[in-house]
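# Structural characterization, general
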Amino acid sequence: MSLLEYESQMFAEIVTEDGLLIAAKGLGLDSIIIKLLELYSDPRSLVLVLNTTPSEEAYFIEELEMTEAAKQRLPLVVTNEFTSKEREELYLSGGALFVTSRILVVDILRNQIPTHVVAGIIVNHAHRVTDGSTEAFILKLYRERNKTGFIKALSDSPQSFTGGYFQVERIMKNLFVRKLYLWPRFHVTVCTSLDKHKPDVVELHQKMCQSMLTMQSAILDVMNACLQELKKLNKSLDADLLTVETGISKAFDQMVKVQLEPMWHQLSSQSKQLVSDLKTLRSLLSFLTQYDCVTFYKYLESIRSSSDKTLNKHSTWMFLDATDNLFGCARARVFGDEQLKKAKRPKLEGEPLLEENPKWKLLSDVLDEISHGNSTSDQSGKVLVVASDDRTCNQLKEYLTDGGKSLLERLFSKVYGRKQQESASSERRGQGKSITKRKSRAHQKHTTKVQEKSATSLASKEKDVTEEDSERGVVTVSPAVVLVPLKGSSDPYLLTRVLNDHEPHYIVLYDPDMEFVRQLEVYKAKRPGIPVRVYFLFYDSSVEEQRYLTSLRKEKDAFELLIREKASMVVPEDQDGKSGHATSLIRDLSLPATALVSSSRKAGGREEALKPTVSMLLAHSY
C-alpha cells in the first residue's frame, strides 16, 4: 500500500541524510522501516538491522513479500542457530539482515564480518541506545572501521528522550548522527494528511455507579496519602513527580526508579514498601473498571491476605479509613445491602446482588444499534471491539453470549461456592433441625441453579476454543463481531493485521488507547472509500478517561521540549564519526587525559590539543 503524504516526507528525510527520526506513537513508523528494507534489499550491498524482536521481524518479512523486494531477496534473520562460518557466508552474500546485538558484537570483535563493506545500519527503537548499551558499542566499532556507511535510527517513544539532562543529545552522540527529525501528531503535514478522510467518531460517556465512584475516590485518597508519606521520607524526590495525576500513569514506576536508583540501597524499608504499594494501588484503579465485581473483590481479599502473611508493618495503607470504605463497597457490590458490609460472612439464604459493570450494558446497546443499522441498510460491515487484554475479551464474549447474570453467577459459584458449603455445614451443627433443613434446601436450590447455568456457560465457552486459538488471540463472538485485545498478545502487530484482514466498518473502543486511535486514523486515511465509525466508551469522570488524556498531554509536552532542544542544540561537526579527527572515536590510552580535550572554538582538534600539552611539559622539565 502506498505511503501517505507525511510518511513520504519522513522517508525522504531519513534517506537523504542520516539522522534520528522520532515519530508519535501509531503514526506508522513500521511503514518507514519496511520502505527502508525494500530500498536496501539489494544483494550487492550489506545492511544490518538492530533492535528488532522476532515478532517484528516476522511482520516486516511478511509485508515485504508483497513488495518489489520479494523479487530481489527478502531479509534474513541471523540467530544463534547459525554457526560462525555460516554467519560469515550470510554477511558476504549481502542484502538486509536482522541481527541480534549479542551476535553482532562478537562477530565484529572476531573480524568475522567485513565491516568495511557494510553499506549501513538501521537502528530500531533508538531510545534504547543509551550510554553503556551493547548497541552503542556496536555503532562505535562500526564507525571506527567504516567511515562511509550510513546510520539511520528510528523511534516512536518521545518521552524516552526527555528523561535526564540532554538525553536526546547523548543518544544522538551514541548513534553517531547529527540530524534530528521530529514528527508529532500536531505536525502540519500529519494533520493535513489525516484530516482529509476522518472516521466518524461517536463518544459515549457512561456514568459509574455510586459504589464504583466511592471505591475510586477511596483508592485515590490512599494513593495521595502514600505519595505524601514518600515525599516526607525522601526530600530529594521531585515534588512535581509525586502527584496523584502522575501516579496513575503507567510510566510512574520508571520515573521513580530513575530518581531513586542511585540511592536505592540507602532507602528505608518503608520507602521501598511505599513504592510497591503505589504500584498495587494503580493496578486497583485499572481493575476497578476492567474486572467484574466478583473478581475485583476476590483480588482485594488476596491483597489483604498477602499483607497479613508477607507484607511488613510499613504497609500502613491497609489501616486507613479509605481502605475500609474500599473493601466495604467492593463487598456490597457482590453480596448486597449495606448491612452485609459489616458482616463477617455472607448470608446463605437468598441470592447475592452481583452488580454488573455499567459499561457492559452500554456495549450491548451499541452493538444492537449497529445490528439494527445493518439490517435496515443494504451494506453490512464487520464490528471490531477492542478491549484491554485477553481476559476482558473472553469475559465480554461470555457476557454477549450468555448475559451478565449468568456470567457473574458462574464466577460467584466458582469463588465462593465451596466457602458457603463449608459455612453451611458448620452452621447446621449449631442450629435446630428444622431451621437447618430450610436453609439447606434454600442453599441447595440456589447452588443447583448456579451450577446448571455455569455448566451451560462453560459448554458454550469450550465450543469455540479451537476457533479462538486459530485466530491468534482474536475472540469471535459471531460472524460479524470480533474482539481483539490491546495488550497481552505475543504479536505486537495483531491489531494492524486484524484491521487489514477484516476491514471493519464499525470499531468499538471498550478501553481507550492513544496508539490504537492513531492507527485508526491512518487506517481510514489509507482507505478513503471504506466508511468507518468509531465508538469511544468512557466512564464519565473516571481515572480511565484521565489516564487517556494524560497520555496525550505528556506526549505533546515531550515533543514541545524536543523542539526547543533542537532549536538550541549545538552538534559538533565530527559527531557522525566520518572525519579522521572524531574525538568520540579516540581510544589511545597512552595519551594524557588533557590531550583529549576538544577545543571550544572548533569541534575536534586532536592535533591542536596536543601542542600546548607538549610545550607545557617541556617548560616544566627545564
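Going by the structure above, here's the rest.
Here is a short report on the structure shown in this document. (Residues numbered from 1 in each chain as written. Predicted model: local features only at pLDDT ≥ 70, side-chain atom pairs only at ≥ 80, totals over all residues. Heavy atoms only, no water.)

## A look at the nonpolar core
Applied cut-off: Throughout this description, the term nonpolar core refers to a set of buried Ala, Val, Leu, Ile, Met, Phe, Trp, Tyr and Cys residues connected via side-chain atoms within 4.5 Å. Think of it in three bands: residues with accessible area under 20% of the maximum for their type are buried, residues over 50% are exposed, and the middle band is partly exposed, with areas taken using a 1.4 Å probe on protein chains only. Elements are defined by DSSP. Helices are runs of H or I of four residues or more, strands are runs of E of two residues or more, and each kind is numbered from the N terminus. Contact between two residues is taken to exist if any of their heavy atoms lie within 4.5 Å; hydrogens are not considered.
Counting residues in each nonpolar core, the largest one holds 73 residues, and the members touching the most others are L20 and L175. The dominant element in this core, judged by the number of residues it contributes, is helix 2 (residues 29-39), at 6 residues. Setting aside anything within four residues of it in sequence, one finds L175 in contact with L20, V123, A126, V129, L139, I151 and A153. One finds M208, L242, L288 and V366 within the second-largest nonpolar core, a separate group that totals 71 residues.

## Focus on the pairing of strand 13 (residues 533-539)
Which entries qualify depends on this criterion: Between any two strands, at least two bridges found by DSSP are needed for them to pair. Seen with the strands pointing away from the viewer, any crossover whose path from the first strand over the helix to the second strand runs clockwise is right-handed.
In terms of burial, strand 13 is a largely internal element, 6 of the 7 residues being buried. Direction of pairing for strand 8 (residues 200-206) relative to strand 13: parallel, over a ladder of 7 bridges. Paired with L204 across the bridge in strand 13 is L537. With 4 bridges connecting them, strand 12 (residues 506-509) and strand 13 associate as parallel partners. Looking at strand 13, one finds that L509 is bridged to F536. In this region the chain leaves strand 12, passes through helix 22 (residues 514-526) and returns to the parallel neighbour strand 13; the handedness of that crossover is right-handed.

## Brief notes about the packing of aromatic side chains
The relation between two aromatic rings is expressed through the spacing of the ring centres and the mutual angle of the planes. Quick note on the threshold: Pairing of aromatic rings covers Phe, Tyr and the six-membered ring of Trp, with a centre-to-centre limit of 6.5 Å; geometry is then stacked below 30 degrees between planes, edge-to-face above 60, and tilted otherwise.
A full pass over the atoms with the stated rule returns 12 aromatic pairs. Relative to Y299, the ring of F287 has its centre 5.0 Å away and its plane inclined at 85 degrees; by these criteria the two rings are edge-to-face. Here the residue F287 occupies a position in helix 13 (residues 269-290), and Y299 occupies one in helix 14 (residues 293-309), the gap between them amounting to 12 residues. A relative accessible area of 25% places Y299 in the partly exposed class. Arranged with centres 5.8 Å apart and planes meeting at 50 degrees, the rings of F538 and Y548 form a pair that is tilted. Linking F538 in strand 13 with Y548 in helix 23 (residues 543-568), this pair joins segments that are 10 residues apart in sequence. What makes Y548 buried here is its relative accessible area of 13%.

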